[in-house]
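The primary structure of each chain is shown beneath.
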Amino acid sequence: MNPIIVIPARMGSSRLPGKPLADIHGQPMIVHVLRRALEAGIGPVAVAAGEPEIVAAVRAAGGTAVLVAEDLPSGTDRVKRAVDVLDPEGRHDVVVNLQGDAPTLAPELLSAVLRPLADPGVEIGSLVAPIADAREAAKDSYVKCACAFAPGQDVAPAPYFSRAAVPWGEGPLWHHIGVYAYRRAALERFVTLPESPLEKREKLEQLRALEAGMRIAVARVPHGPFGVDTPEDLEHARELLKA
């Protein structure tokens, strides 16, 4: 595999306006995410930016950024547009889509998201972490993956995702972590697909791929990254990154 990591970022967050440029110890948050991604060492990293000021901040820190249209329907579309600019020859056969709101990301998670692609039949890889308790299971903001790991295995097929606590019955529940590794052809296909019925109902983009017959598998990790969505989250990230 020859991956490239692309981080979609735009200023239009409703709960934390200007989130990518929020200051964390003298650097914009998007720069912290960029550095965590580079620390993973799996391939080059670029930002797919919705606005020129994000491009300027990334380039000022020595990073790579591409300005993409703000009116694209999703972060995945912005990733695809950026990859078309950065790698028109298709040298990178895997594209990792990393959200730009995880400044405390553990770099090893980006290596883990590639593991499902060891199976040549898997088109999209992602991550899950254990759900700790019934309170987390009941939250619709915690997206669940209906998956089951064979003994001794850390990768499993992902036949469904839901905001409900699936699957039913005794056993662990798995929190889906929204980091994706797309085979290049899978990304090309995904962005051409229309919104699917279950995607609209659950408000989960990955269901579009499943309803189109695409294969997703997930690797399990101990815990997911801390995402910054609110001013309180931003303060917590500053505390975590004090060192």
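It should be emphasised that the depicted structure is a prediction, and the values quoted were computed from it without experimental measurement.

So, how was this worked out
Residues numbered from 1 in each chain as written. Predicted model: local features only at pLDDT ≥ 70, side-chain atom pairs only at ≥ 80, totals over all residues. Heavy atoms only, no water. Phe/Tyr/Trp six-rings, centres within 6.5 Å; stacked < 30°, edge-to-face > 60°. Helix = DSSP H or I, 4+ residues; strand = E, 2+ residues; numbered from the N terminus. Buried < 20%, exposed > 50% of the residue type's maximum accessible area, 1.4 Å probe, protein only. Lys NZ or Arg CZ within 6 Å of the ring centre and 35° of its normal. Pairing = 2+ DSSP bridges. Polar contact = N/O pair within 3.5 Å; in protein donor to acceptor, adjacent residues only side chain to side chain. 1 Å grid on protein atoms, 1.4 Å probe; cavity = no way out; pocket = protein on both sides within 12 Å on 5 of 7 lines; lining within 4 Å. Points joined across faces, edges and corners; volume = space filled by probe spheres on them. Nonpolar A, V, L, I, M, F, W, Y, C, P; charged D, E, K, R; others polar.

Novice: Could you clarify how one ought to interpret the packing of aromatic side chains in this entry?
Specialist: Aromatic rings considered in pairs are described by the distance between their centres and by the relative angle of their planes. Tallied over the entire structure, the rule returns three aromatic pairs. Here Phe149 and Trp174 contribute two aromatic rings whose centre-to-centre distance is 4.9 Å and whose plane-to-plane angle is 65°, an arrangement assigned as edge-to-face. Note that Phe149 is positioned in the loop between strand 8 (144-146) and strand 9 (155-157) and Trp174 in strand 11 (residues 174-183), a separation of 25 residues in sequence. Here the two residues Phe149 and Trp174 agree in accessibility, since each one is buried. Both rings, one in Tyr182 and one in Phe190, keep their centres 6.0 Å apart while their planes meet at 50°; by these two values the pair is tilted. Each member of the pair, Tyr182 as well as Phe190, carries the same accessibility label: buried. Taken together, the ring pairs in this structure connect Tyr180, Tyr182 and Phe190 into an aromatic cluster. If you follow Arg220 out to its NZ or CZ, it ends over the ring of Phe149, 4.7 Å from the centre.

Novice: Is there a simple way to explain the pairing of strand 4 (residues 45-49) in this structure?
Specialist: Within strand 4, five of the five residues are buried, which leaves the element mostly enclosed by the surrounding structure. Taking every second residue as pointing to the same face, both faces of strand 4 are buried, with Val45, Val47 and Ala49 on one and Ala46 and Ala48 on the other. Taken together, the five bridges between strand 1 (residues 3-9) and strand 4 define a ladder with parallel strand orientation. Across the sheet, the residue bridging to Pro8 is Ala48, located in strand 4. In terms of strand pairing, strand 4 meets strand 5 (residues 65-67) through three bridges, oriented parallel. Considered in strand 5, the bridge of Ala49 is made with Leu67.

Novice: Is there a simple way to explain the side chain of Thr76 in this structure?
Specialist: You can see Thr76 is positioned in helix 3 (residues 75-86). At a separation of 2.8 Å, a polar atom in the side chain of Thr76 contacts the side chain of Glu205.

Novice: Just checking my understanding: could you explain the layout of surface pockets for this structure?
Specialist: One simple way to see leftover space: roll a probe sized like a water molecule over the atoms. As a volume, the largest pocket reaches approximately 1,800 Å³. Around the largest pocket sit 47 residues that line it, and Lys19, Gln99, Asp101, Gly178 and Asp229 are the ones nearest its centre. Counting only elements with at least two residues in the lining of the largest pocket, the list comes to strand 1, helix 3, strand 7 (124-130) and strand 11. When residues in the lining of the largest pocket are grouped by element, the largest group, six residues, is from strand 11. Of the residues in the lining of the largest pocket, the class split is 19 nonpolar, 17 polar and eleven charged.

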